[in-house]
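# Residue-level structural notes
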Amino acid sequence: MALNRKKRAEWLIQNLKLERELNVADIGARLTNEKPGYRLIMGAGAAQLHAFEPEPLAFAELEEAKPERTTLYNAAVGKPGKATFYAHQLGSLSSVFEFSEACARYLNKGFWTKREITEIPMTLVALDNVKDFPKLDLLKMDVQGAELDVMKGGPQTLSEAVMVIPEVRFYQMYEDEPTWAELDTELRRQGFVLHKFLHQKSVVLSSRRWKQFKRKAGSQLLDGDAVYIRNMEAPEKLSDFQLKALALLADAVAESYDLCAFCLTLLQDRGAIASHVVGHYMGRVPEEALKEPEEAPQPADPVGAAKV
(Lines give C-alpha, C1' and ligand atoms only; values in the text may rest on other atoms or scores of the structure.)
Protein backbone atom coordinates (compact mmCIF):
# COMPACT_ATOMS: atom_id res chain seq x y z
CA MET A 1 0.00 0.00 0.00
CA ALA A 2 1.99 2.97 -1.29
CA LEU A 3 1.44 6.15 0.72
CA ASN A 4 1.63 9.74 -0.45
CA ARG A 5 4.77 11.74 0.41
CA LYS A 6 3.33 13.37 3.53
CA LYS A 7 2.05 10.14 5.07
CA ARG A 8 5.24 8.29 4.17
CA ALA A 9 7.38 10.99 5.81
CA GLU A 10 5.22 10.77 8.96
CA TRP A 11 5.56 6.97 8.97
CA LEU A 12 9.35 7.19 8.62
CA ILE A 13 9.63 9.74 11.43
CA GLN A 14 7.56 7.50 13.69
CA ASN A 15 9.67 4.41 12.95
CA LEU A 16 13.10 6.07 12.89
CA LYS A 17 12.59 7.42 16.43
CA LEU A 18 14.84 10.43 15.83
CA GLU A 19 16.90 11.53 18.81
CA ARG A 20 16.35 15.19 17.94
CA GLU A 21 14.84 17.44 15.28
CA LEU A 22 16.73 18.01 12.03
CA ASN A 23 18.36 21.39 11.47
CA VAL A 24 17.73 22.68 7.96
CA ALA A 25 19.06 25.87 6.37
CA ASP A 26 17.69 27.49 3.22
CA ILE A 27 19.97 30.26 1.95
CA GLY A 28 18.19 32.41 -0.60
CA ALA A 29 14.78 31.51 0.77
CA ARG A 30 12.57 34.05 -1.03
CA LEU A 31 8.98 32.94 -1.59
CA THR A 32 8.48 31.04 -4.85
CA ASN A 33 6.06 28.47 -6.24
CA GLU A 34 8.51 25.77 -5.17
CA LYS A 35 7.46 23.55 -2.28
CA PRO A 36 10.69 22.05 -0.93
CA GLY A 37 10.41 18.56 0.50
CA TYR A 38 11.86 19.60 3.84
CA ARG A 39 8.52 21.26 4.62
CA LEU A 40 7.00 17.77 4.91
CA ILE A 41 9.44 17.06 7.73
CA MET A 42 8.76 20.43 9.34
CA GLY A 43 5.02 19.84 9.13
CA ALA A 44 5.48 16.60 11.03
CA GLY A 45 7.36 18.45 13.78
CA ALA A 46 10.73 16.84 13.01
CA ALA A 47 12.76 19.78 11.64
CA GLN A 48 13.63 23.40 12.35
CA LEU A 49 14.28 25.75 9.42
CA HIS A 50 16.85 28.56 9.34
CA ALA A 51 15.98 30.76 6.36
CA PHE A 52 18.28 33.48 4.97
CA GLU A 53 17.13 36.24 2.60
CA PRO A 54 19.16 39.46 2.17
CA GLU A 55 16.84 41.44 -0.13
CA PRO A 56 14.65 43.72 2.02
CA LEU A 57 11.38 43.30 0.10
CA ALA A 58 11.75 39.54 -0.24
CA PHE A 59 12.59 39.29 3.47
CA ALA A 60 9.48 41.31 4.38
CA GLU A 61 7.35 38.87 2.37
CA LEU A 62 8.96 35.98 4.22
CA GLU A 63 8.28 37.63 7.58
CA GLU A 64 4.64 38.11 6.70
CA ALA A 65 4.24 34.47 5.63
CA LYS A 66 6.63 33.05 8.20
CA PRO A 67 5.84 29.39 8.78
CA GLU A 68 6.10 27.76 12.16
CA ARG A 69 9.39 26.23 13.28
CA THR A 70 11.34 28.84 11.28
CA THR A 71 14.04 31.34 12.23
CA LEU A 72 14.54 34.15 9.69
CA TYR A 73 17.82 35.93 8.98
CA ASN A 74 17.89 39.16 6.97
CA ALA A 75 21.50 38.49 6.01
CA ALA A 76 23.66 37.53 3.05
CA VAL A 77 25.85 34.47 3.50
CA GLY A 78 29.03 34.24 1.47
CA LYS A 79 32.61 35.45 1.44
CA PRO A 80 32.92 37.60 4.60
CA GLY A 81 33.23 41.34 4.09
CA LYS A 82 31.73 44.27 2.22
CA ALA A 83 29.90 43.53 -1.01
CA THR A 84 27.32 44.92 -3.40
CA PHE A 85 24.07 43.02 -3.77
CA TYR A 86 22.53 43.50 -7.22
CA ALA A 87 18.78 43.30 -6.59
CA HIS A 88 17.19 42.46 -9.93
CA GLN A 89 13.59 43.36 -10.73
CA LEU A 90 13.19 39.65 -11.39
CA GLY A 91 14.03 38.69 -7.83
CA SER A 92 15.26 35.18 -8.66
CA LEU A 93 18.14 36.77 -10.64
CA SER A 94 19.45 38.89 -7.75
CA SER A 95 23.08 38.18 -6.86
CA VAL A 96 26.29 39.52 -5.39
CA PHE A 97 27.70 39.06 -8.90
CA GLU A 98 27.04 41.43 -11.79
CA PHE A 99 24.89 40.13 -14.60
CA SER A 100 26.63 39.15 -17.86
CA GLU A 101 25.06 40.92 -20.83
CA ALA A 102 26.94 38.66 -23.27
CA CYS A 103 25.39 35.64 -21.58
CA ALA A 104 21.89 37.17 -21.78
CA ARG A 105 22.31 37.81 -25.51
CA TYR A 106 23.47 34.27 -26.23
CA LEU A 107 20.73 32.69 -24.12
CA ASN A 108 18.01 34.73 -25.83
CA LYS A 109 17.27 36.48 -22.53
CA GLY A 110 18.00 40.08 -23.51
CA PHE A 111 15.02 41.25 -21.44
CA TRP A 112 16.97 40.26 -18.32
CA THR A 113 19.31 43.20 -18.85
CA LYS A 114 16.47 45.67 -19.50
CA ARG A 115 14.92 45.25 -16.06
CA GLU A 116 15.83 47.53 -13.17
CA ILE A 117 18.77 46.48 -10.99
CA THR A 118 19.23 48.16 -7.59
CA GLU A 119 22.67 48.12 -6.00
CA ILE A 120 22.47 47.48 -2.24
CA PRO A 121 25.64 47.68 -0.08
CA MET A 122 25.85 44.69 2.25
CA THR A 123 28.21 42.95 4.63
CA LEU A 124 28.43 39.24 3.91
CA VAL A 125 28.88 36.74 6.72
CA ALA A 126 30.46 33.29 6.69
CA LEU A 127 28.09 30.49 7.67
CA ASP A 128 30.45 29.42 10.47
CA ASN A 129 30.29 32.95 11.91
CA VAL A 130 26.49 33.22 12.26
CA LYS A 131 25.93 33.70 15.99
CA ASP A 132 24.41 30.78 17.92
CA PHE A 133 23.90 28.82 14.70
CA PRO A 134 23.45 25.03 15.00
CA LYS A 135 25.26 22.35 13.05
CA LEU A 136 23.17 21.48 10.02
CA ASP A 137 21.75 18.23 8.71
CA LEU A 138 20.56 19.69 5.39
CA LEU A 139 21.67 22.81 3.51
CA LYS A 140 19.72 24.12 0.52
CA MET A 141 21.06 27.16 -1.30
CA ASP A 142 19.98 29.22 -4.29
CA VAL A 143 22.30 32.22 -4.20
CA GLN A 144 23.00 32.86 -7.87
CA GLY A 145 26.70 32.07 -8.02
CA ALA A 146 27.68 32.43 -4.35
CA GLU A 147 27.23 28.73 -3.50
CA LEU A 148 31.00 28.15 -3.52
CA ASP A 149 31.59 30.97 -1.03
CA VAL A 150 28.84 29.62 1.23
CA MET A 151 30.50 26.19 1.27
CA LYS A 152 33.97 27.61 1.91
CA GLY A 153 32.63 29.57 4.87
CA GLY A 154 30.79 26.69 6.51
CA PRO A 155 32.96 23.59 7.06
CA GLN A 156 32.26 23.46 10.80
CA THR A 157 28.53 24.08 10.42
CA LEU A 158 28.38 21.36 7.76
CA SER A 159 30.70 18.87 9.44
CA GLU A 160 27.81 16.54 10.35
CA ALA A 161 25.44 17.39 7.48
CA VAL A 162 24.26 14.50 5.31
CA MET A 163 22.77 16.42 2.36
CA VAL A 164 23.50 19.64 0.47
CA ILE A 165 21.26 20.91 -2.33
CA PRO A 166 22.95 23.69 -4.32
CA GLU A 167 21.75 25.35 -7.47
CA VAL A 168 24.55 24.59 -9.92
CA ARG A 169 25.26 26.60 -13.04
CA PHE A 170 26.07 24.87 -16.31
CA TYR A 171 26.44 28.17 -18.18
CA GLN A 172 27.79 31.22 -16.36
CA MET A 173 25.18 33.98 -16.04
CA TYR A 174 27.27 36.42 -14.00
CA GLU A 175 30.66 38.07 -14.36
CA ASP A 176 33.38 36.11 -12.49
CA GLU A 177 30.85 33.59 -11.23
CA PRO A 178 32.54 30.38 -10.00
CA THR A 179 32.05 27.31 -12.17
CA TRP A 180 30.17 24.20 -11.19
CA ALA A 181 33.50 22.34 -11.34
CA GLU A 182 34.87 24.56 -8.55
CA LEU A 183 31.77 24.04 -6.42
CA ASP A 184 31.85 20.29 -7.00
CA THR A 185 35.51 20.17 -5.94
CA GLU A 186 34.75 22.01 -2.69
CA LEU A 187 31.77 19.81 -1.91
CA ARG A 188 33.89 16.69 -2.42
CA ARG A 189 36.66 18.19 -0.28
CA GLN A 190 34.12 18.47 2.55
CA GLY A 191 33.01 14.86 2.13
CA PHE A 192 29.98 15.13 -0.18
CA VAL A 193 29.39 13.38 -3.51
CA LEU A 194 26.93 14.11 -6.32
CA HIS A 195 23.85 11.93 -5.94
CA LYS A 196 21.27 13.20 -8.47
CA PHE A 197 19.55 16.23 -10.00
CA LEU A 198 16.11 17.32 -8.86
CA HIS A 199 15.68 19.22 -12.11
CA GLN A 200 17.65 20.84 -14.91
CA LYS A 201 16.79 23.95 -16.90
CA SER A 202 17.57 24.50 -20.59
CA VAL A 203 16.80 27.46 -22.84
CA VAL A 204 15.92 27.93 -26.51
CA LEU A 205 18.68 29.85 -28.25
CA SER A 206 18.04 32.94 -30.34
CA SER A 207 17.34 32.66 -34.06
CA ARG A 208 14.84 34.10 -36.47
CA ARG A 209 12.73 31.02 -35.83
CA TRP A 210 13.17 30.59 -32.06
CA LYS A 211 9.47 31.17 -31.35
CA GLN A 212 8.63 28.04 -33.36
CA PHE A 213 10.47 25.83 -30.86
CA LYS A 214 8.75 24.40 -27.81
CA ARG A 215 10.35 25.48 -24.54
CA LYS A 216 11.28 21.87 -23.74
CA ALA A 217 13.20 21.73 -27.03
CA GLY A 218 15.76 24.21 -25.68
CA SER A 219 19.21 22.66 -26.03
CA GLN A 220 21.46 24.92 -23.95
CA LEU A 221 21.74 23.75 -20.36
CA LEU A 222 21.58 26.66 -17.92
CA ASP A 223 21.31 25.44 -14.34
CA GLY A 224 19.67 22.93 -12.03
CA ASP A 225 19.25 21.81 -8.43
CA ALA A 226 21.73 19.08 -7.55
CA VAL A 227 21.61 16.74 -4.56
CA TYR A 228 24.92 15.99 -2.85
CA ILE A 229 25.04 13.45 -0.03
CA ARG A 230 27.65 12.48 2.52
CA ASN A 231 30.03 9.95 0.96
CA MET A 232 28.60 6.54 1.89
CA GLU A 233 31.56 4.36 0.93
CA ALA A 234 32.48 4.08 4.63
CA PRO A 235 29.06 4.14 6.32
CA GLU A 236 30.57 3.01 9.61
CA LYS A 237 31.83 6.59 10.00
CA LEU A 238 28.27 7.91 10.16
CA SER A 239 26.35 7.99 13.42
CA ASP A 240 22.96 6.34 13.78
CA PHE A 241 21.36 9.78 13.74
CA GLN A 242 23.12 10.74 10.49
CA LEU A 243 21.83 7.58 8.83
CA LYS A 244 18.33 8.25 10.13
CA ALA A 245 18.47 11.84 8.87
CA LEU A 246 19.71 10.74 5.46
CA ALA A 247 17.02 8.07 5.19
CA LEU A 248 14.31 10.64 5.91
CA LEU A 249 15.78 13.29 3.59
CA ALA A 250 16.36 10.74 0.84
CA ASP A 251 12.65 9.96 0.76
CA ALA A 252 10.98 13.27 1.61
CA VAL A 253 13.37 15.68 -0.16
CA ALA A 254 15.25 13.77 -2.88
CA GLU A 255 12.65 11.07 -3.62
CA SER A 256 15.55 8.60 -3.68
CA TYR A 257 13.76 5.53 -2.38
CA ASP A 258 16.67 3.16 -2.95
CA LEU A 259 18.94 5.44 -0.90
CA CYS A 260 16.38 5.46 1.88
CA ALA A 261 16.20 1.65 1.81
CA PHE A 262 20.04 1.54 1.82
CA CYS A 263 20.17 3.64 5.00
CA LEU A 264 17.36 1.69 6.65
CA THR A 265 19.19 -1.58 5.94
CA LEU A 266 22.35 -0.24 7.63
CA LEU A 267 20.31 0.91 10.62
CA GLN A 268 18.54 -2.43 10.85
CA ASP A 269 21.90 -4.28 10.74
CA ARG A 270 23.09 -2.06 13.62
CA GLY A 271 19.96 -2.80 15.63
CA ALA A 272 19.15 0.93 15.60
CA ILE A 273 15.62 0.43 14.23
CA ALA A 274 13.09 -2.40 14.39
CA SER A 275 13.72 -5.40 12.14
CA HIS A 276 10.47 -4.93 10.21
CA VAL A 277 11.07 -1.33 9.06
CA VAL A 278 12.84 -2.01 5.74
CA GLY A 279 10.23 -4.51 4.57
CA HIS A 280 7.33 -2.30 5.61
CA TYR A 281 8.97 0.72 3.94
CA MET A 282 9.08 -1.15 0.62
CA GLY A 283 5.32 -1.54 0.86
CA ARG A 284 5.04 2.24 1.01
CA VAL A 285 7.33 3.12 -1.90
CA PRO A 286 5.49 4.52 -4.96
CA GLU A 287 4.57 1.71 -7.33
CA GLU A 288 6.27 3.38 -10.27
CA ALA A 289 9.64 2.92 -8.52
CA LEU A 290 9.22 -0.84 -8.10
CA LYS A 291 9.45 -3.78 -10.44
CA GLU A 292 6.34 -5.75 -11.24
CA PRO A 293 6.07 -8.85 -9.03
CA GLU A 294 7.41 -11.89 -10.84
CA GLU A 295 4.91 -14.61 -11.70
CA ALA A 296 5.28 -17.80 -9.73
CA PRO A 297 7.09 -20.44 -11.81
CA GLN A 298 4.87 -23.12 -13.30
CA PRO A 299 5.52 -26.68 -12.10
CA ALA A 300 7.53 -28.74 -14.57
CA ASP A 301 5.87 -31.63 -16.36
CA PRO A 302 6.66 -35.01 -14.79
CA VAL A 303 9.30 -36.98 -16.69
CA GLY A 304 7.66 -39.09 -19.33
CA ALA A 305 4.28 -37.41 -18.94
CA ALA A 306 2.14 -37.62 -22.01
CA LYS A 307 1.83 -34.43 -24.03
CA VAL A 308 -1.65 -33.42 -25.15
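Everything here concerns the structure above.
So, here's what we can say about the structure. Predicted model only: the values in this text are computed from it and were never measured. (Residues numbered from 1 in each chain as written. Predicted model: local features only at pLDDT ≥ 70, side-chain atom pairs only at ≥ 80, totals over all residues. Heavy atoms only, no water.)

## Quick notes on the pairing of strand β6 (residues 138–141)
Quick note on the threshold: When a residue's accessible area, from a 1.4 Å probe over protein chains only, is under 20% of the maximum for its type it is buried; when over 50% it is exposed; and in between it is partly exposed. What counts as a helix is a DSSP run of H or I of at least four residues, what counts as a strand is a run of E of at least two, and both are numbered from the N terminus. At least two DSSP bridges between two strands are needed for those strands to be called paired.
Here β6 shows two buried faces, one formed by L138 and K140 and the other by L139 and M141. For strand β1 (residues 22–27) and β6, the ladder comprises four bridges, and the chain directions are parallel. Pairing of D26 across the sheet is with K140, part of β6. In terms of strand pairing, β6 meets strand β7 (residues 163–169) through four bridges, oriented parallel. From the neighbouring strand, L139 faces β7, where its bridge partner is V164.

## Quick word on the sheet that holds strand β8 (residues 192–203)
Under the convention used in this document: Interaxial angle, 0 to 180 degrees, is taken between N-to-C directions of lines fitted to C-alpha atoms, where a helix line uses only the stretch in contact.
A sheet is described by the order of its strands in space; here seven strands give the open sequence β3-β2-β1-β6-β7-β9-β8, paired in mixed fashion. Where the open sheet ends on each side, the last strands, each with one partner, are β3 (70–73) and β8. Strand after strand, the sheet turns through a mean of 15 degrees between neighbouring axes, direction not considered. Two elements, β8 and strand β9 (residues 220–230), share 10 bridges in a ladder whose sense is antiparallel. Bridging from a neighbouring strand, K196 pairs with V227 of β9.

## Some points on the nonpolar core
What counts here: Grouping buried Ala, Val, Leu, Ile, Met, Phe, Trp, Tyr and Cys residues that are joined through side-chain atoms within 4.5 Å yields what is termed a nonpolar core. Residue contacts are counted whenever heavy atoms from the two residues lie within 4.5 Å of one another.
Ranked by internal contacts, the top residues of the largest apolar core, which has 51 residues, are I41, M163, L264 and Y281. The element that contributes the greatest number of residues to this core is helix α7 (residues 240–252), accounting for nine residues. Ignoring anything within four residues of it in the chain, the contact list for L264 reads L12, L16, A247, I273, V277, V278 and Y281.

## Focus on empty space enclosed by the protein
To keep things clear, this is the line we draw: Using protein atoms alone on a 1 Å grid, points that fit a 1.4 Å probe yet trap it form a cavity, whereas open point sets bounded by protein on both sides within 12 Å along at least five of seven lines form a pocket; residues with an atom within 4 Å of a point count as lining. Grid points are joined across faces, edges and corners, and a volume is the space filled by probe spheres set on the points. Ten residue types, Ala, Val, Leu, Ile, Met, Phe, Trp, Tyr, Cys and Pro, are classed as nonpolar, four, Asp, Glu, Lys and Arg, as charged, and the remainder, Gly among them, as polar.
Under the defined criterion, the tally for this structure stands at one cavity of 30 Å³ or more. Here the largest cavity defines a volume of roughly 70 Å³. As for the largest cavity, its lining consists of G145, E147, L148, E167, V168, R169, E177, P178, T179, W180 and L183. It is β7 that contributes the most residues to the lining of the largest cavity, three residues altogether. Residue classes in the lining of the largest cavity are distributed as five nonpolar, two polar and four charged.

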